[in-house]
Amino acid sequence: MKLILAIVSNDDSSSVSSALTKANFQVTRLATTGGFLRAGNTTMIVGTDDDKVDQAIEIIGNESKRRTEIVPSTASYDIGRYASFPVEVQVGGATIFVLDVEKFLKL
Amino acid sequence: MKLILAIVSNDDSSSVSSALTKANFQVTRLATTGGFLRAGNTTMIVGTDDDKVDQAIEIIGNESKRRTEIVPSTASYDIGRYASFPVEVQVGGATIFVLDVEKFLKL
Amino acid sequence: MKLILAIVSNDDSSSVSSALTKANFQVTRLATTGGFLRAGNTTMIVGTDDDKVDQAIEIIGNESKRRTEIVPSTASYDIGRYASFPVEVQVGGATIFVLDVEKFLKL
Ligand code: NI
Ligand code: NI
Ligand code: NI
């Protein structure tokens with residue numbers, strides 16, 4: 001038994017979580033602030049058999065791909081006047097820890 | 001030293017937490033959303049000596065027993081008319097991971 | 001690779017977090033309620049190489065020193081009359097778990 005601790009951005013947490021659930025993994029989401037990738041992360045706990053760790057990691061990776069998004073940004077360039085222009089931001093990505101579980105119980 | 005990660009339903013988290021504290025276990029509660037059992041879970045971190053793991057697990061199990069509760073439910077059976085009827089729901093239960101701790105410090 | 005789980009009081013969580021980040025550690029903060037030290041804790045997850053565990057622990061300890069603070073307190077000593085007097089409270093401190101990481105990935 002292994003415990004996977006996965007930290008993904010909030011944007012990806014729903015799709016990661018539902019893809020894992022669809023593949024019969026059990027997922028617990030913790031509210032996370034700040035952190036590994038950027039502010040706005042979710043930490044997930046996934047308990048899994050040793051031989052399914054790689055499958056879980058693959059699903060997490062697929063649903064949290066690093067990508068560039070164009071978001072609108074606003075800057076003031078003069079007193080009282082503003083310009084809106086697009087900015088590229090990096091989103092997605094995942095940080096994954098796999099830990100060994102000595103004992104696992106469902107009561 | 002072991003670290004117990006216990007996921008219980010929010011309904012049981014107070015009684016699990018106070019029963020553990022009364023038995024001199026140190027408990028940290030994390031806010032949890034969704035997950036192993038159902039929406040509305042609490043994840044607890046319990047640090048304990050190796051020889052007290054079973055006692056902690058027994059306490060968690062006692063305070064988070066799976067049980068059936070009858071809750072009122074409402075369904076519309078016609079436009080503008082509603083029926084209220086009781087529904088059985090499963091509540092309680094716990095998911096427990098025991099991890100080995102390499103180093104434990106209280107500063 | 002090791003995973004450090006550090007529980008510090010909310011008062012210290014910002015300075016612990018920024019001191020770790022300044023030293024190039026990657027920190028994820030979890031919202032925590034109740035727990036090891038007192039109500040109002042923050043749990044942090046720090047992933048680090050084995051040979052930097054002691055440095056991380058030293059930083060956490062430096063930024064979360066146990067100390068006594070004088071806070072105002074109010075007590076009613078008669079119906080409708082109140083006295084304000086200073087009370088010593090213990091703040092700070094940290095509880096630290098070091099766990100071994102079998103696999104670590106950044107996707
Ligand atoms: Ni195992
Ligand atoms: Ni041990
Ligand atoms: Ni290692």
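In the block above lies the structure referred to throughout.
Residues numbered from 1 in each chain as written. Chains lettered and ligands numbered in written order. Predicted model: local features only at pLDDT ≥ 70, side-chain atom pairs only at ≥ 80, totals over all residues. Heavy atoms only, no water.

1. Looking at the interface of chain B and chain A
This is how it is decided: Note on contacts: a residue pair is in contact if any heavy atoms of the two residues lie within 4.5 Å. Summed over both partners, the accessible area lost on bringing two parts together, with a 1.4 Å probe, is the buried area. What counts as a salt bridge is simple: a side-chain nitrogen of Lys or Arg found within 4 Å of a carboxyl oxygen of Asp or Glu. Any pair of N or O atoms that falls within 3.5 Å is considered a polar contact. Within protein, one atom must be able to donate a hydrogen and the other to accept it, and sequence-neighbouring residues count only if both atoms are side-chain atoms. Under the scheme used here, helices are H or I runs from DSSP no shorter than 4 residues and strands are E runs no shorter than 2 residues, and both carry numbers assigned from the N terminus. When residue character is reported, Ala, Val, Leu, Ile, Met, Phe, Trp, Tyr, Cys and Pro are called nonpolar, Asp, Glu, Lys and Arg charged, and the others, Gly included, polar. Here a strand pair is declared whenever DSSP counts at least two bridges between the two strands.
If you look at the interface, chain B gives 23 residues, while chain A gives 19 residues. Interface of chain B and chain A: buried area, both sides summed, is about 1800 Å²; carbon and sulfur atoms make up 63% of it. Counting the contacts that link chain B with chain A gives two salt bridges. Salt-bridge contacts for A:Glu102 lead to B:Lys2; the nearest nitrogen and oxygen are separated by 2.9 Å. At the junction of chain B with chain A, the criterion picks out seven residue pairs in polar contact (both at pLDDT 80 or more). Within the residue set of the side of chain B that touches chain A, elements represented by two or more residues are strand E1 (2–9), strand E2 (26–33), helix H2 (53–63) and strand E6 (94–100) of chain B. Top contributing element to the side of chain B that touches chain A by residue count: E6(B), with seven residues. Residues of the side of chain B that touches chain A, tallied by class, amount to 11 nonpolar, eight polar and four charged. Note: strand E7 (residues 103–106) of chain A against E6(B), four bridges, orientation antiparallel. By the bridge assignment for E6(B), A:Leu105 is matched with B:Ile96.

2. Examining the relation of the copies chain A and chain C
Two copies of the chain are present, and they differ by a rotation about an axis and a shift along that axis. What counts here: Least-squares superposition of the copies uses the C-alpha atoms of those residues scoring a pLDDT of at least 70 in each of them.
The two copies are related by a screw motion: chain A maps onto chain C through a turn of 120° and a shift of 0.0 Å along the axis, at an RMSD of 0.0 Å. A rotation of that kind, with that shift, is consistent with a three-fold axis. Mapped onto chain C, only 17% of the interface residues of chain A again fall at the interface, so the copies present different surfaces.

3. Regarding the coordination of the nickel ion (ligand 1)
Tetrahedral coordination by four donors puts the ideal angle at the metal at 109.5 degrees, and octahedral coordination by six puts it at 90 or 180 degrees. To keep it simple, the criterion reads: Distances decide who is a donor: an N, O or S atom must be within 2.8 Å of the metal, or within 3.2 Å for Na, K and Ca. Water is not included, so sites may look incomplete.
Listed as protein donors to the nickel ion (ligand 1) are A:Met1 (N) and A:Met1 (O); their distances from the metal cover 2.2 to 2.6 Å. When you line up the elements, A:Met1 lands in the segment before strand E1 (2–9).

4. Details of the pattern of salt bridges
For clarity, the cut-off: A simple rule labels every residue: compare its accessible area, found with a 1.4 Å probe on the protein chains alone, to the largest value its type can have, and call it buried under 20%, exposed over 50%, or partly exposed in between.
One pass over the full model with this rule turns up 15 salt bridges over all chains. Note that B:Lys2 and B:Asp50 form a salt bridge whose closest N and O atoms lie 3.7 Å from each other. Of this pair, B:Lys2 sits in strand E1 while B:Asp50 sits in the loop between strand E3 (41–48) and H2, placing them 48 residues apart in sequence. Put simply, C:Asp54 and B:Lys103 hold a salt bridge, and the shortest N to O gap is 3.0 Å. Within this pair, whereas C:Asp54 is found in helix H2 (residues 53–63), its partner B:Lys103 is found in strand E7 (residues 103–106), the two belonging to separate chains. On the accessibility criterion, B:Lys103 (35% relative accessible area) is partly exposed. Residues participating in the shared-partner salt-bridge network are A:Lys2, A:Asp50, A:Asp100 and C:Glu102.

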